[in-house]
Amino acid sequence: MPRSPSRPASTAMSHGVMPPRIALPFADRREAAVQLATALSHLGAANPLVLAIPRGAVPMGRIVADALGGDLDVVLVRKLGAPFNAEFAVGAIDESGWTYVSEHAALAGADRTYIEQESARQLALIRYRRRLYTPDRGPLPAQGRVVIVVDDGLATGSTMIAALHAARARQPGRLVCAVPVAAPDSLDRVRPLADEVVCLAAPAQFQAVGQYYERFPAVEDSEVVATLAARATRGT
């Protein structure tokens, strides 16, 4: 697939410098994470806490945390899939049970009863993943820290909304949303929830996150567990 340059829609403007144009698609999550870490380099001195949204963003979060000399953890959220299309998000839920419901949920056939049932299913999976991913500890402390929430892209933005809500509840000193690529309208939805939004590219004709990666394989639970365990061994 040929790469086309895309102007970043949002980045670390505290520096007053726009990064170079990004060639899309990214080769893979690793390439995207390396470029994202560069865009986040101004936060390296802050010993940030990088919170990756499982599963796809966990390998990316490790690269970002390594580059910035920060800590790595996960923020456990799940999208609420539409009744007839589980891949289409009509909302999201975080680990506390807080639920975001999108404005298009009803149009997608998700009534109150469906949202309650879907929320219960996804919360059960979140709790399973907490036991699986970090069986010997809870979430790493975030209070007063620079916290960077990382995902591999924003389509509807629902899971990032839930992740930012969960992170904000932990009272960070500064909350950053960081993604390689996003739909422009999703950026508009998440921007009020973060102190800073770093996004490498926001193509106008955005359709799906995977279209902006040449290789976009599924990340399995085993890789998440291994990544977090390796980080714990070296002191996060």
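The shown structure was predicted, so the numbers you read here are calculated from the model rather than taken from an experiment.

## Overview of the overall build of the protein chain
Okay, so step 1: When you go through the protein chain residue by residue, the secondary structure sums to 6 helices and 10 strands.
Okay, so step 2: Across the 236 residues that make up the protein chain, the buried fraction comes to 52%.

## Some details on the nonpolar core
Okay, so step 1: Counting 50 residues, the largest nonpolar core has F26, L40, I148 and V150 as the members making the most contacts within it.
Okay, so step 2: One finds I53, V75, A166 and V190 within the second-largest nonpolar core, a separate group that totals 29 residues.

## Focus: helix α2 (residues 57–68)
Okay, so step 1: Relative to the 16 Å expected for 12 residues at 1.5 Å per residue, α2 spans 16 Å between its end C-alpha atoms, a close match to the ideal helical length.
Okay, so step 2: The buried count for α2 comes to 9 of 12 residues, which makes it a mostly enclosed element.
Okay, so step 3: Listed as buried for α2 are A57, V58, P59, M60, G61, I63, V64, A65 and L68.
Okay, so step 4: Taken from the residues just after α2, G69 is the one with a positive phi, measuring 70 degrees.

## Examining the pattern of salt bridges
Okay, so step 1: In this structure the tally under the stated criterion is 17 salt bridges.
Okay, so step 2: Here E116 makes a salt bridge to R112, at a shortest N to O gap of 3.3 Å. Of the two residues, E116 and R112 both sit in helix α3 (residues 112–133), 4 residues apart, roughly one turn of that helix.
Okay, so step 3: Residue classification places R112 among the exposed positions, given a relative accessible area of 67%.
Okay, so step 4: With a shortest N-O distance of 2.7 Å, E118 and R121 are connected by a salt bridge.

## Some details on the sheet that holds strand β8 (residues 146–150)
Okay, so step 1: Reading across from one edge, β4-β3-β8-β9-β10 is the order of the 5 strands in this open sheet, with parallel pairing throughout. In this open sheet, the two strands that pair with only one neighbour each are β4 (71–74) and β10 (196–201). Averaged over all adjacent pairs, the angle separating strand axes in this sheet is 20 degrees, with direction ignored.
Okay, so step 2: Pairing analysis gives 4 bridges linking strand β3 (residues 49–52) to β4, with the strands arranged parallel. For L51, the partnering residue across the bridge sits in β4 and is D73.

## Some remarks on the sheet that holds strand β7 (residues 99–101)
Okay, so step 1: As summarised here, the arrangement of the 3 strands in space is β5-β6-β7, forming an open sheet in which the pairing is antiparallel. A single partner strand is all that each edge strand has here, and the edge strands are β5 (77–82) and β7. Strand after strand, the sheet turns through a mean of 45 degrees between neighbouring axes, direction not considered.
Okay, so step 2: In terms of strand pairing, β5 meets strand β6 (residues 85–94) through 6 bridges, oriented antiparallel. Following the sheet pairing, A82 is matched in β6 by N85.
Okay, so step 3: Along the sheet face, α3 touches β5, β6 and β7 and points at about 145 degrees away from the line of β5.

## Concerning the side chain of R145
Okay, so step 1: The residue R145 is located in the loop between α3 and β8 in this model.
Okay, so step 2: Here R145 falls in the buried class, since its relative accessible area comes to 18%.
Okay, so step 3: One polar contact links R145 to D71, side chain to side chain, over a distance of 3.0 Å.

## Considerations on the packing of aromatic side chains
Okay, so step 1: One pass over the structure, following the stated rule, counts 3 aromatic pairs.
Okay, so step 2: Plain terms: the ring middles of F26 and Y213 are 5.6 Å apart, the flat faces sit at 45 degrees to each other, and that makes the pair tilted. Of this pair, F26 sits in the loop between β2 (22–24) and α1 (29–39) while Y213 sits in the loop between β10 and α6 (221–233), and the two are 187 residues apart along the sequence.
Okay, so step 3: The buried category is assigned to F26, whose relative accessible area is 0%.
Okay, so step 4: What makes Y213 buried here is its relative accessible area of 4%.
Okay, so step 5: Clustering of aromatic rings is evident, with ring pairs tying together F26, Y213 and F216.
Okay, so step 6: Its end group placed over the ring of F216, R29 keeps NZ or CZ at 4.0 Å from the ring centre.

What counts, and at which threshold
- Residues numbered from 1 in each chain as written.
- Predicted model: local features only at pLDDT ≥ 70, side-chain atom pairs only at ≥ 80, totals over all residues.
- Heavy atoms only, no water.
- Helix = DSSP H or I, 4+ residues; strand = E, 2+ residues; numbered from the N terminus.
- Buried < 20%, exposed > 50% of the residue type's maximum accessible area, 1.4 Å probe, protein only.
- Core = buried A, V, L, I, M, F, W, Y, C linked by side-chain atoms within 4.5 Å.
- Expected span 1.5 Å × (residues − 1).
- Salt bridge = Lys/Arg side-chain N within 4 Å of Asp/Glu carboxyl O.
- Pairing = 2+ DSSP bridges.
- Axes fitted to C-alpha atoms, helices over the stretch in contact; angles between N-to-C directions.
- Contact = heavy atoms within 4.5 Å.
- Polar contact = N/O pair within 3.5 Å; in protein donor to acceptor, adjacent residues only side chain to side chain.
- Phe/Tyr/Trp six-rings, centres within 6.5 Å; stacked < 30°, edge-to-face > 60°.
- Lys NZ or Arg CZ within 6 Å of the ring centre and 35° of its normal.

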